[in-house]
Amino acid sequence: MNENGKLLELQHIQQIYTSGTRRFTALQDINLTLKEGEFVALLGPSGCGKSTLLRILTGLQKPSEGRVLYRGEELRGVNPYATIVFQTFALFPWLTVLENVELALKARGVPAEERTARATDLIDRVGLDGFENAFPRELSGGMRQKVGFARAMAVEPELLCLDEPFSALDVLSAESLRNELMELWISGSIPTRAILMVSHNIEEAVLMADRVVVMDKDPGRVIADMKIDLAYPRQRQTDGFRAVVDQVYALLAGQTQEEALELGSMPGEPGRTRALPAVSIADLSGLLEYLSEKAGDQDDIFRLSEELKIDSDMVLSLVETAELLGFATVEKGDIRLTALGETFAEASILARKEIFATRIRRLPLVRWLLDMLQRAGKHEMDWDLVKAALEQEFPPDDVEAQLDVLIDWGRYAELIAYDDQSEKLYLENALADAE
Ligand code: ADP
């Protein structure tokens, strides 16, 4: 056994790609250690080098510089102790579930007479008992991915690498497969000693991992390595969970300022309540997508008005919103996306909503409204009543605009609902149920 249970060690990994005369640093000085028993999640926007890093640490690719150590020994060639599960796992359509798993055992040199029993046991462990003789086309996406896991397990990898294994699944299948993997992992019923999971999903990372490593791009590098001190099994709807999720978002947003200074105070508390910029989500998304296409994810603010064909007041409101939510930083007249902004620009509709919801929950005005609705009978309030409360904070002309933004943002984030007919605001179900 090597020192301190270190399974994998990346030392000063550098990856440079060249195309023509251009040299491009895809990974810059990556140092990362995985110990036995650890589940590490790797987060970061597309292009920050996550796939490259996975290929390097499994030995499928040799880095331009640096060393990969496995159990203290320098890795040469493919790492026989590591397996990668990809986003969509290719199964052989003409083979049954059982045969697909048996094939992995055969490739590993398991004798024919042992294969069926071992494969049946693996299929059972991922919760597919009874589907041994089904063909892939008969299975749902979630079930196919389970067969993928069973095949990966057949190799009995010490190091299991997961490359966004749940992102191609629907919400329910993804959650059930996450739970099953966590059960296998925590109960120690698989021989895997460490897991490294590439993810785009911050909540997923906090739900599963002991450590979250955050990367950013241009050049691809590690910007934070954070331990997640929450007991398993973790519950999404608890304050502790949300607090950690918030911290990870703050890391991705590159937040340095004391939050209270930047965000203002709640209505009714001393200090100024910051008004929300009157910006639609569609416009904000448009700006972030536009910036993510630009070199260096940045642009001169004064150019945006012309390029996006919107007036300069609107540009300033959009820039202010992007900064307020931690999607961009502004310096010397330039706006530049943060890792969080890049993540948002690339995310699916559902993931965008989740990111947006987490960010606006920090805003004092949103917190204030959610608190009020939480306390209100049936978690609902008349629009007039909320308006009257806001009149204590803002000039009369601004009140309705503020309320419109709150409703618009709250609806998009699926935190708040508004019924036009009855003119009532209420909490979205998940929040009301979570009490
Ligand atoms: P991620 O998985 O985080 O999206 P990748 O590792 O796929 O990142 O890519 C990191 C960067 O390196 C990207 O800008 C990508 O275009 C570039 N890249 C990846 N593979 C190659 C290659 N074989 N040749 C040139 N550039 C590459």
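None of the values given here were measured: they were computed from a predicted structure.

Asker: What am I meant to see in the pairing of strand 2 (residues 22–35) here?
Answerer: Moving residue by residue along a regular strand, the side chains alternate between the two faces of the sheet. Where strand 1 (residues 6–19) lies against strand 2, ten bridges are found, and the strand directions are antiparallel. When the sheet's bridge partners are listed, S19 is paired in strand 2 with R22. Here strand 1 folds back onto strand 2, and the loop between the two strands holds two residues, one of which, G20, carries a positive phi near 65°.

Asker: What should I look at first to understand unusual backbone geometry in this one?
Answerer: A cis amide bond links D218 to the next residue, P219, at an omega of -5°. A cis amide bond links Y232 to the next residue, P233, at an omega of -10°. Tracing the sequence through the fold places P233 in the loop between strand 10 (221–227) and helix 7 (239–252). At H12, a position not held by glycine, the phi torsion is positive, near 45°. Along the polypeptide, H12 turns up in strand 1.

Asker: Looking at this structure, I do not really get the domain arrangement of the chain. What am I missing?
Answerer: Where interface size is quoted, it is often the accessible area lost as the parts come together. Under the domain assignment used here, the chain contains domain 1 (3–251), domain 2 (277–358) and domain 3 (366–434). For domain 2 versus domain 3, the separation of C-alpha centres amounts to 25 Å. Summed over both sides, the interface between domain 2 and domain 3 buries roughly 900 Å², with carbon and sulfur atoms accounting for 69% of that surface. In terms of surface lost to domain 3, no three residues of domain 2 exceed I281, K353 and F356, which account for 51% of the buried area on that side. At the boundary of domain 2 with domain 3, the tally comes to one salt bridge. The residue K353 makes a salt bridge to E414 at a minimum N-O spacing of 3.4 Å. For the interface between domain 2 and domain 3, the tally reads three residue pairs in polar contact (both at pLDDT 80 or more).

Asker: Teacher, can you tell me more about the pattern of salt bridges here?
Answerer: Two side chains carrying opposite charge are able to pair once their charged atoms lie near each other. Per the counting criterion, the structure on display carries 27 salt bridges. We note a salt bridge from R211 to E38, for which the minimum N-O separation is 3.0 Å. One end of the pair, R211, is in strand 9 (residues 211–216); the other, E38, is in the loop between strand 2 and strand 3 (39–43), with 173 residues separating them in the sequence. By relative accessible area, which is 15% here, E38 ends up buried. Among the salt bridges present, the one from K424 reaches E380, with a minimum N-O distance of 4.0 Å. Placement of K424 in strand 16 (residues 424–427) and of E380 in strand 14 (residues 380–382) is noted, with a sequence separation of 44 residues between them. On the basis of relative accessibility, which here comes to 24%, the residue K424 falls in the partly exposed class.

Asker: Sorry, what's going on with the site of the ligand here?
Answerer: The full set of residues close to the ligand is Y17, F24, A26, P45, S46, G47, C48, G49, K50, S51, T52 and R55. Measuring from an oxygen atom of the ligand, one finds a backbone N or O atom of C48 at 3.2 Å. In this structure, T52 approaches the ligand through a side-chain N or O atom, which is 2.5 Å from an oxygen atom. For the ligand, whose unbound accessible area comes to 560 Å², protein coverage reaches 59%. Among the elements of the structure, strand 2 and helix 1 (50–57) are those that each provide at least two residues to the shell around the ligand. Sorting elements by how many residues they give to the shell around the ligand places helix 1 first, with four residues. Looking at the shell around the ligand, its residues break down into five nonpolar, five polar and two charged.

Asker: Explanation requested: the layout of surface pockets in the structure shown.
Answerer: Roughly 1,100 Å³ of volume is contained in the largest pocket. As for the largest pocket, its lining consists of 36 residues, and the residues nearest its centre are V171, N201, R236, L350 and E354. Listing elements by their share of the lining of the largest pocket, those giving two or more residues are helix 5 (171–186), helix 6 (202–208), helix 12 (339–346), helix 13 (349–360) and helix 17 (429–433). Counting residues per element, the lining of the largest pocket draws most heavily on helix 13, which supplies six residues. In terms of residue class, the lining of the largest pocket is built from 13 nonpolar, nine polar and 14 charged.

Asker: Looking at this structure, how should I read the sheet that holds strand 14?
Answerer: Hydrogen bonds between backbone groups are what pair the strands of a sheet, and the pairing can be parallel or antiparallel. As summarised here, the arrangement of the three strands in space is 14-16-15, forming an open sheet in which the pairing is antiparallel. A single partner strand is all that each edge strand has here, and the edge strands are strand 14 and strand 15 (416–419). Neighbour-to-neighbour, the strand axes of this sheet turn through a mean angle of 25°, independent of strand direction. Bridge analysis of strand 15 against strand 16 gives four bridges, and the strand direction is antiparallel. Among the inter-strand pairings, D419 is bridged to a residue of strand 16, identified as K424.

Rules and cut-offs
- Per chain, the residues get numbers from 1 upward, laid out in the order the sequence is written.
- Totals for whole chains, interfaces and linings use every residue, but because this is a predicted model, local features are given only for residues with pLDDT of at least 70 and side-chain atom pairs only at 80 or more, for both listing and counting.
- Side-chain numbers here rest on the full set of heavy atoms in the structure, without hydrogens or water.
- A strand pair is defined by DSSP finding two or more bridges across the two strands.
- Strands here are runs of E lasting at least two residues and helices are runs of H or I lasting at least four, both read from the DSSP assignment and numbered beginning at the N terminus.
- In this document the domain limits rely on a domain assignment from an automatic tool or a database.
- Note on definitions: buried area is the accessible-area loss of two parts on being combined, 1.4 Å probe, summed for both.
- The term salt bridge refers to a pairing of a side-chain nitrogen on Lys or Arg with a carboxyl oxygen on Asp or Glu at a separation within 4 Å.
- Polar contact is the term for a pair of N or O atoms within 3.5 Å; when the atoms are in protein, one must be able to donate a hydrogen and the other to accept it, and sequence-neighboring residues count only if both atoms are side-chain atoms.
- Partly exposed describes any residue whose relative accessible area lies between the buried limit of under 20% and the exposed limit of over 50%, with all areas from a 1.4 Å probe on protein chains only and scaled to the type maximum.
- Note on definitions. A residue lies near a molecule or strand when any single heavy atom of the residue is within 4 Å of it.
- Per-residue accessibility takes into account occlusion by the displayed protein chains alone, with areas from the Shrake-Rupley method and a 1.4 Å probe.
- Under the scheme applied, nonpolar residues are Ala, Val, Leu, Ile, Met, Phe, Trp, Tyr, Cys and Pro; charged residues are Asp, Glu, Lys and Arg; polar residues are all the others, including Gly.
- In this analysis the probe radius is 1.4 Å and the grid spacing 1 Å, with only protein atoms considered; a cavity is a set of points the probe fits into but cannot get out of, a pocket is an open set with protein on both sides within 12 Å along at least five of seven lines, and lining residues have an atom within 4 Å of a point.
- Grid points are joined across faces, edges and corners, and a volume is the space filled by probe spheres set on the points.
- Fitted lines through C-alpha atoms serve as axes, helices being fitted only where they are in contact, and the angles separating the N-to-C directions of these axes extend from 0 to 180 degrees.

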